[in-house]
Amino acid sequence: MQPAVEITKRGERNFNSYIGIGDGTRRYAREGLPTVAQCLQDAAAALGREFSYATVSFDNIVIGSYPVAVMEHRAVEVADELLVKLSNRRVRYVA
């Protein structure tokens, strides 16, 4: 079973992250983080070594599956990739 990391934007520099494990309930929550990268690092730290991959969504849009270790150690690059993918999906929906 792959955990799901959900990141939501609450303000210009205010993000919340939640972790769920398959049944839809949230097992871990962290609110008020200043960047998407910090949400990823925090979620990866909470997941620890128990899980290899996690599915990541942003504002209820599933972006993809990422290695937990990469989310923790290359969070800025993963955050940038997530935001580009999100932007590309939103452009497709508008067009």
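Above this text is the structure in question.
Being a predicted model, the structure only gives us computed values, none of them experimental.

Student: Would you mind showing me how to read the pairing of strand β4 (residues 53–58) here?
Tutor: Remember that side chains alternate between the two faces of the sheet whenever the strand is regular. Note: strand β1 (residues 4–11) against β4, 4 bridges, orientation parallel. Opposite Ala4, over in β4, you have Thr55 as the bridge partner. Of the pairings in the sheet, the one linking β4 to strand β5 (residues 61–67) comprises 6 bridges and is antiparallel in character. Bridge pairing in β5 links Ala54 to Tyr66. Hairpin geometry of β4 and β5 is characterised by an intervening segment of 2 residues between the two adjacent antiparallel strands and by a positive phi of about 50° at Asp59.

Student: Even after reading the chapter, I still don't get helix α1 (residues 36–47), so can you show me in this structure?
Tutor: Every α-helix winds through 3.6 residues per turn, so residues three or four apart in the chain are directed the same way. Its 12 residues place the ends of α1 16 Å apart at the C-alpha level, agreeing with the 16 Å of an ideal helix rising 1.5 Å per residue. Restricting attention to buried positions, one finds in α1 the residues Val36, Ala37, Cys39, Leu40, Asp42, Ala43, Ala44 and Leu47. Two residues or fewer after α1 comes Gly48, characterised by a positive phi angle close to 60°.

Conventions and cut-offs
Residues numbered from 1 in each chain as written. Predicted model: local features only at pLDDT ≥ 70, side-chain atom pairs only at ≥ 80, totals over all residues. Heavy atoms only, no water. Pairing = 2+ DSSP bridges. Helix = DSSP H or I, 4+ residues; strand = E, 2+ residues; numbered from the N terminus. Expected span 1.5 Å × (residues − 1). Buried < 20%, exposed > 50% of the residue type's maximum accessible area, 1.4 Å probe, protein only.

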